[in-house]
Amino acid sequence: MIGLVEATLVAFVLLTALATALFRDVLSAIIVFAAYSLGMALLYTYLLAPDVALTEAAIGAGVTTILLLLTIAKTVRPSTDALFERIDVPALVAVGAFALVLGTLAIPGMPAIGSEQAPVWSNPDVTQYYLENTYKETGVTNTVAAVLAAYRGFDTFGEAVVVFGAAVAVMVVLHREEFT
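Thresholds applied
Residues numbered from 1 in each chain as written. Predicted model: local features only at pLDDT ≥ 70, side-chain atom pairs only at ≥ 80, totals over all residues. Heavy atoms only, no water. Helix = DSSP H or I, 4+ residues; strand = E, 2+ residues; numbered from the N terminus. Buried < 20%, exposed > 50% of the residue type's maximum accessible area, 1.4 Å probe, protein only. Contact = heavy atoms within 4.5 Å. Areas by Shrake-Rupley, 256 points an atom, 1.4 Å probe, with all protein chains shown as cover. Axes fitted to C-alpha atoms, helices over the stretch in contact; angles between N-to-C directions. Parallel < 35°, antiparallel > 145°, perpendicular 65-115°, else oblique. Nonpolar A, V, L, I, M, F, W, Y, C, P; charged D, E, K, R; others polar. pLDDT = per-residue confidence, 0-100. Left-handed = near helix turned anticlockwise from the far one by under 90°. Expected span 1.5 Å × (residues − 1). Bend = angle between axes of the 7 residues up to and from the residue. Patch = residues over 30% accessible without salt bridge, like charges linked within 9 Å, V, L, I, M, F, W, Y side chains within 5 Å. Salt bridge = Lys/Arg side-chain N within 4 Å of Asp/Glu carboxyl O.

Chemist: Would you explain the overall build of the chain in this entry?
Modeler: Broken down by element type, the chain carries eight helices and zero strands. When the helices and strands of the chain are read in sequence order from the N terminus, they spell out α-α-α-α-α-α-α-α. Expressed as a percentage of the 180 residues in the chain, the buried residues total 19%. A sequence separation of at least 24 residues applies to 53% of the contacts in the chain between residues at least 6 apart. By element, 71% of the accessible surface of the chain is carried by carbon and sulfur atoms, the whole surface being about 13,100 Å².

Chemist: Please clarify how the packing of helix α2 (residues 26-46) against helix α3 (residues 50-74) should be interpreted in this entry.
Modeler: Describing two packed helices takes the angle between their axes plus the distance from one axis to the other. Here α2 crosses α3 at 175°, and the two axes come no closer than 8 Å. Taken together, the axis directions place α2 and α3 in an arrangement best described as roughly antiparallel. Judged by residue contacts, Val26, Leu27, Ile30, Phe33, Ala34, Ser37, Leu38, Met40, Ala41, Tyr44 and Thr45 of α2 engage Val52, Ala53, Glu56, Ala57, Gly60, Ala61, Thr64, Thr65, Leu68, Leu69 and Ile72 from α3. In terms of residue class, the contact of α2 with α3 is built from 16 nonpolar, five polar and one charged.

Chemist: What's the story with the confidence of the model for the chain in this structure? I'm lost.
Modeler: Interpretation of the predicted coordinates at a detailed level should be avoided for regions scoring low in pLDDT. Per-residue pLDDT for the chain has a mean of 80; in total, 87% of the residues score no lower than 70. When mean pLDDT is compared element by element in the chain, α2 scores highest at 90, while helix α5 (residues 119-122) scores lowest at 64.

Chemist: When you look at the packing of helix α6 (residues 124-138) against helix α7 (residues 143-151) in this model, what are you seeing that I'm missing?
Modeler: It is at 10 Å that the axes of α6 and α7 come closest, and there the two elements cross at 65°. Relative to α7, α6 is oriented roughly perpendicular. Considering how the two elements wind past one another, α6 and α7 form a crossing that is left-handed. Judged by residue contacts, Tyr129, Tyr130, Leu131, Asn133, Thr134, Glu137 and Thr138 of α6 engage Thr143, Ala146, Val147, Ala150 and Tyr151 from α7. Per-class residue counts for the contact of α6 with α7 are seven nonpolar, four polar and one charged.

Chemist: Please explain α6 as it appears in this structure.
Modeler: Helical geometry: 3.6 residues make up each α-helical turn, so side chains three or four residues apart lie on a common side. Relative to the 21 Å expected for 15 residues at 1.5 Å per residue, α6 spans 21 Å between its end C-alpha atoms, a close match to the ideal helical length. Remark: the principal bend of α6, roughly 45°, maps to Glu132. Phi turns positive one or two residues past the end of α6, at Gly139, with a value near 80°.

Chemist: What's the story with a nonpolar patch on the surface in this structure? I'm lost.
Modeler: A grouping of Phe98, Leu102, Ile107 and Met110 is seen on the molecular surface, where their side chains present a nonpolar patch of about 440 Å² in accessible area. Its location among the elements puts Met110 in the loop between α4 (89-106) and α5. Exposure remark for Met110: the relative accessible area of 57% places this residue in the exposed category.

Chemist: So what exactly am I meant to see when it comes to the environment of Gly60 here?
Modeler: Residue placement: Gly60 occurs in helix α3. Classification of Gly60 as buried rests on a relative accessible area of 8%. Taking the C-alpha atoms as reference points, Gly60 and Leu38, 22 residues apart in sequence, are found 7.7 Å from one another. Apart from residues lying up to four places away in sequence, Gly60 is in contact with Phe33, Ser37, Thr55 and Thr65.

Structure follows, in structure tokens:
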């Protein structure tokens, strides 16, 4: 059963996502998007995925928000009298149907957080293998670092590429030509 904290975080994320999509004012949408990213980081933390939460907080709530704010500062904001966009009813029906199917079929079948039925706990041999063999196979004393760098190397490489891409984008946006 879904707890109060989970329900509150999910509701916050859904409301901020909806508000981001509906705001016509770009600055308002950017601010609400930053709140959405922060909510996702909190949700990932609650779901015991601190590496994903840290990446979401740094890239989503941090770097992306700064890039969007810098972009809006360097461009012209169109003035608008309308606060929200019109809602596309067919798209709303399609997304609502998808959410209903997901909520009724997929989510109830997932094990609770920390449950012994969860895949990570249902096979303790894997965890024990990492604890016993990490140093021998990788030479790294920190098991978590070894799993991220060696056993999940391609995944970690992908995350590093995303962070590198974000850093390059920040440098491009912040670049100012100076002729000396």
